[in-house]
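Architecture at a glance
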Amino acid sequence: MVRMPKVDPAVMRLAIRTGVRPVLSARMPLRFQRPLIAAASLISARPGGITRRDITLADRSAEQASHTTSDSRTMVLYLHGGGYTLGSPSTHRPIAAYLARSARATVTTLDYRLAPEHPYPAALEDAVAAYGALLADGVPPGRIVLAGDSAGGGLVLATALRLRSSSAPMPAALVLISPWVDLSLSDLNDTRDPMLTAPWLRECARRYIADGTLADELDPLHADLAGLPPTLIHVGSDEILLNDAQRLAARAKGAGVDVTLTVLDGLWHVVHLHSGLLRAATQAIDDIGEFVRHHTGSETGHPAGAE
């Protein structure tokens, strides 16, 4: 992980548009996309005081990050983004590290199975099993938060719906960062996003939905959301999935869910990946950390905003 100075948002936006967006092309084979995105993730920052270790959770590998102030009783189960086709715990280490610090929690990033090798419901089954494994290890559900970005945000919502339908204990809260919750792509904000394009999302959806059928777990935006835990949604004002997040917040509120929608002005898809490089990204993670602490009762340690 490379330690970097603070970056001007305009410079970062240009770097993403010229360096990341071409990689996330519907025309580029996954065998090239996956290593290129992994390499791009090395240009990142992390806070001091972080301990990282590899674990196995429900027969899947995972990576845990904790800070010197982390409360070992508080767990964030993190589901990474990548269109269900790429990404890993290593690509999302900046989010995990800064979230561990700000939430004063242990953040476990699951290496769930990816499409097209493992289409739906493989990723969902892995997430549900990982949550169950945390419960079996003695972590109280009231001290667990499910969090994820992009496709991982959609996977968090699908996991919560699966848990509700099985009458399993619900987590304390949900955190959805730039969530992709409408795989039909019916209402994209495809104008100013420097990272994602509609053709790439369509290709990801095709790979993930093996038989082309949108069940509720694949289409959580249109599912019955009643009974879900308190939910925080972060989305950039300039990103392709802005409308997804706004519609989800409206539907959740209508279903009686305690939901908070935060629109990050002038920012893009999962800007949180640039925590430590962009002040606004670090502040966004600190906001999530406060939400996690509030809903898990973990309110000890130093102020989250400290560098």
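Summarised in this report is the structure supplied together with it. Counting of residues starts from 1 at the beginning of each chain's written sequence and follows it residue by residue. Residue-level local features of this predicted model are given only where pLDDT is at least 70; pairs of side-chain atoms are given and counted only at 80 or more, and the full residue set underlies all totals for whole chains, interfaces and linings. Values shown for side chains rest on all heavy atoms present in the structure; no hydrogens or waters enter the calculation.

Under the DSSP-based scheme used, a helix requires at least four consecutive residues in state H or I and a strand at least two consecutive residues in state E, with every element numbered from the N terminus. Counting its regular elements, the protein chain contains eight helices and eight strands. Relative to the compact-globule value of 19 Å for 307 residues, the protein chain shows a C-alpha radius of gyration of 17 Å, a close match. For every residue, the accessible area (1.4 Å probe, protein chains only) is compared with the maximum for its type, and the residue is labelled buried under 20%, exposed over 50%, or partly exposed between those bounds. Residues classed as buried in the protein chain amount to 57% of the 307 residues present. Contacts were defined at the residue level, with two residues in contact if any of their heavy atoms lie within 4.5 Å. Counted over contacts in the protein chain with a minimum sequence separation of 6, partners at least 24 positions apart contribute 79%. Total accessible area computed for the protein chain in this model is approximately 11800 Å², and 53% of it derives from carbon and sulfur atoms. Only four residue types enter the tally: Lys and Arg on the positive side, Asp and Glu on the negative side; His and the chain ends are excluded. Charged groups are reduced to one reference atom each: NZ for lysine, CZ for arginine, CG for aspartic acid, CD for glutamic acid. Distance from the positive charge centre (29 side chains) to the negative charge centre (31 side chains) of the protein chain: 5 Å. What the globule rule says is 2.2 Å times the number of residues to the power 0.38, and the radius of gyration is computed from C-alpha atoms. Computed with the Shrake-Rupley method and a 1.4 Å probe, the accessible areas treat only the protein chains shown as cover for residues.

Along strand S7 (residues 231–236), six of the six residues are buried, which leaves the element largely enclosed by surrounding structure. Judged by which residues are buried, S7 turns out to be covered on both faces: Thr231, Ile233 and Val235 on one side and Leu232, His234 and Gly236 on the other are all buried. Pairing geometry for strand S6 (residues 173–177) and S7, over four bridges, is parallel. What sits directly across from leucine 174, in S7, is threonine 231. In this analysis, strands are considered paired if DSSP registers two or more bridges between them. In the sheet, S7 pairs with strand S8 (residues 259–264) via six bridges, with the strands oriented parallel. From the neighbouring strand, valine 235 faces S8, where its bridge partner is valine 263. We call a crossover right-handed when, viewed with the strands running away from us, the connection from the first strand over the helix to the second turns clockwise. With helix H7 (residues 242–254) bridging S7 and its parallel neighbour S8, the resulting β-α-β unit is right-handed.

A separate point is the packing of helix H4 (residues 122–136) against helix H5 (residues 151–165). In the contact formed by H4 and H5, the axes pass within 9 Å of each other and the chain directions differ by 65°. Crossing handedness for the pair H4 and H5: right-handed. Along its contact with H4, which presents Ala123, Leu124, Ala127, Val128 and Tyr131, the element H5 presents Leu155, Ala158, Thr159, Arg162 and Leu163. Note on residue categories: nonpolar means Ala, Val, Leu, Ile, Met, Phe, Trp, Tyr, Cys or Pro, charged means Asp, Glu, Lys or Arg, and polar means any other residue, Gly included. Classifying every residue of the contact of H4 with H5 by side-chain character gives eight nonpolar, one polar and one charged. To obtain an axis, a line is fitted to C-alpha atoms, over the contacting stretch when the element is a helix, and the angle between two such axes runs from 0 to 180 degrees between their N-to-C directions. The sense of a crossing depends on the near helix, which, turned anticlockwise from the far helix by less than a right angle, makes the crossing left-handed and, turned clockwise, makes it right-handed.

With that settled, the discussion passes to the side chain of threonine 74. Along the chain, threonine 74 falls in the loop between strand S2 (60–67) and strand S3 (75–79). Here arginine 143 takes part through its side chain, which lies 2.6 Å from a polar atom of the side chain of threonine 74. N or O atoms closer than or at 3.5 Å make up a polar contact, with two conditions inside protein: a donor-capable atom paired with an acceptor-capable one, and, for residues adjacent in sequence, both atoms drawn from side chains.

Closest axis-to-axis distance for the helix H3 (residues 93–103)/helix H8 (residues 279–296) pair is 8 Å, and the angle between their directions is 50°. Classified by the interaxial angle, the pair formed by H3 and H8 is oblique. Between H3 and H8 lies a crossing whose hand is right-handed. Across from Ile95, Tyr98, Leu99, Arg101, Ser102 and Ala103 in H3, the residues of H8 making contact are Thr282, Ile285, Asp286, Ile288, Gly289, Val292 and Arg293. For the contact of H3 with H8, the residue count by class is seven nonpolar, three polar and three charged. By definition in this entry, angles of less than 35 degrees are roughly parallel, angles greater than 145 are roughly antiparallel, angles of 65 to 115 are roughly perpendicular, and the rest are oblique.

That's the geometry; what it means functionally is another story.
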